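Structural overview
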Amino acid sequence: MFNQLELINERPAVFAHMTVADLWTDPHVSEQMLRFHLDGTVAVSSGTTEWIEAATTWMAREFRLGGNSRVLDLGCGPGLYAIRLARTGARVTGVDFSARSIAYAREAAQKAGLPIDYVHHDYLAYEPAGRFDLVTMIMRDYCAMEPSQRLALLRTIGSALASGGAFVFDVDSTVAFANMAEEVSYSHSPRGGFWSAEAFFEFHNRFVYPDERVVLDKFVVVEANRTRTLFNWIQCFDPTMLAAELGEAGLRIDATLGNVTGAPFDPASPEFAVVARR
Ligand SMILES: C[S@@+](CC[C@H](N)C(=O)[O-])C[C@H]1O[C@@H](n2cnc3c(N)ncnc32)[C@H](O)[C@@H]1O
């Protein structure tokens, strides 16, 4: 028991284990995530409905989306942004590895009569067809990848951008990092809950890595017949750090914003967004 608890509470090396897919593609967890996405009053998996309206209105105007535009939404989830961007007349492609979200998105597009191309795929292994005027990655997904994944994805995006095209994405800031403290908690869900429909115990450790400005939420979820360890990494950035890694991939920051609704940059905010170009 003592040895098991030591393992549960062990601090891994930064980005040592990547389990993003386990969070989004597990049949039970993805159902909980979809519920959060579709609850327009909370900003858990997606922004609130009001936020999504503001973000897509800003994008449509800022990037002059219309009949000749092509948009690629990486990690599109159930397509809450993609469907609104498609209403501008733009041809939209959404990529996500959650089968549940893609199924929802396809059905919604069909009901709306919008020809959105939803691709059920890992965006880290995706080869975009053609060139895009706007590439988006929304809800700070960028921060969940490890450095080599981020660099490879940026290179893919760089070569998928049409001339004058933009990549818009948001990140957790170093202000968010400064507010994070290490913590440990334990809970018991005898009737099931977020992680499983069956009874489970959850051990949560938050680790912070000051040199790298990385936060890890590590969850060990113990059920009667299975134990899962999930590693949710968050790389926090300031605009200088982000500019350096975009530069490695041949991209530059064209505008630094407060968020994806186009709000002005706020150095005290836990997040910010950028418009990057080749
Ligand atoms: C925080 S949610 C944001 C969803 C959407 N952008 C929104 O704001 O409504 C992150 C999404 O990215 C997807 N995702 C994460 N990593 C992915 C990967 N490597 N390939 C494809 N989809 C991924 C998840 O399935 C999830 O739908």
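The preceding data block contains the structure.
It should be emphasised that the depicted structure is a prediction, and the values quoted were computed from it without experimental measurement.

1. A closer look at helix α3 (residues 27-38)
- Compared with an ideal rise of 1.5 Å per residue, which puts 12 residues at 16 Å, α3 spans 17 Å between its outermost C-alpha atoms and is within 8% of the ideal.
- Taken as a whole, α3 has its buried residues at V29, M33 and H37. Looking down the long axis of α3, one finds its buried residues gathered within 85° of arc, a one-sided arrangement. Away from its buried face, by an angle of more than 90 degrees, α3 presents the exposed residues P27, E31 and R35.
- Where α3 is buried, its residues touch α2 (20-25), α5 (80-86) and α6 (99-112).

2. Some thoughts on the sheet that holds strand β11 (residues 271-277)
- Strand order in the open sheet formed by 7 strands is β3-β2-β1-β4-β5-β11-β10, and the pairing between neighbours is mixed. Both outer strands of the open sheet, β3 (117-120) and β10 (252-257), are each paired with one neighbouring strand and no more. The sheet shows a mean angle of 20° between the axes of neighbouring strands, direction not considered.
- Bridging between β10 and β11 involves 5 bridges; their strand directions are antiparallel. Counted as the bridge partner of A255 is V275 from β11.
- On the sheet, α6 packs against β2 (91-96) and β3 and is oriented at approximately 165° with respect to β3.
- Lying on the sheet, helix α7 (residues 147-160) is in contact with β1 (70-74), β4 (132-137) and β5 (161-172); it crosses β5 at an angle near 145°.

3. Concerning unusual backbone geometry
- Phi at F15 takes a positive value of approximately 55°, unusual for a residue other than glycine.
- Here F15 lies in the loop between α1 (2-8) and α2.
- Despite not being glycine, R140 has its phi angle at roughly 60°, a positive value.

4. Thoughts on the nonpolar core
- Grouped together as the largest cluster of nonpolar side chains are 74 residues, with contacts concentrated most on A82, L85, L134, V135, F167, V168 and F169.
- When we break this core down by domain, the ones giving at least three residues each are domain 1 (27-172 + 237-277) and domain 2 (174-235).
- If sequence neighbours within four positions are ignored, V135 has contacts with L72, L74, I157, A160, L161 and F167.

5. Details of the sheet that holds strand β9 (residues 227-235)
- The sheet built from 4 strands is open, its strands ordered β6-β7-β8-β9 with antiparallel pairing. Each of the sheet's edge strands pairs with one partner strand only, and the pair in question is β6 (183-189) and β9. The average undirected angle you get between the axes of adjacent strands in this sheet is 15°.
- With 7 bridges joining them, β6 and strand β7 (residues 200-209) adopt antiparallel strand pairing. Looking at the pairing, S189 lines up with F200 of β7.

6. Quick word on the pairing of β7
- Sheet topology note: the β7/strand β8 (residues 214-222) ladder contains 9 bridges and is antiparallel. Along β8, the bridge assignment pairs R206 with D217.

7. A few points about the site of the ligand
- In the vicinity of the ligand lie 21 residues, with W24, S46, G75, G77 and M139 positioned nearest.
- Of all elements in the fold, only α2, α5 and β2 reach the threshold of two or more residues within the shell around the ligand.
- Residue composition of the shell around the ligand, by class: 11 nonpolar, 7 polar and 3 charged.

8. Focus: the environment of D172
- With respect to the element layout, D172 can be found in strand β5.
- Exposure remark for D172: the 21 C-beta atoms within 10 Å place this residue in the buried category.
- Spatially, the C-alpha atom of D172 lies 4.4 Å from that of E271, the residues being 99 residues apart in sequence.
- Apart from the residues lying within four places of it in its own chain, the contact partners of D172 are R140, C143, I234, C236, P270 and E271.

Conventions used here
- Residues numbered from 1 in each chain as written.
- Predicted model: local features only at pLDDT ≥ 70, side-chain atom pairs only at ≥ 80, totals over all residues.
- Helix = DSSP H or I, 4+ residues; strand = E, 2+ residues; numbered from the N terminus.
- Expected span 1.5 Å × (residues − 1).
- Buried ≥ 20, exposed ≤ 12 C-beta atoms within 10 Å, placed from the backbone.
- Arc of directions from axis to C-beta.
- Contact = placed C-beta atoms within 7 Å.
- Pairing = 2+ DSSP bridges.
- Axes fitted to C-alpha atoms, helices over the stretch in contact; angles between N-to-C directions.
- Core = buried A, V, L, I, M, F, W, Y, C linked by C-beta atoms within 7 Å.
- Domains from an automatic or database assignment.
- Near = placed C-beta within 6 Å.
- Nonpolar A, V, L, I, M, F, W, Y, C, P; charged D, E, K, R; others polar.

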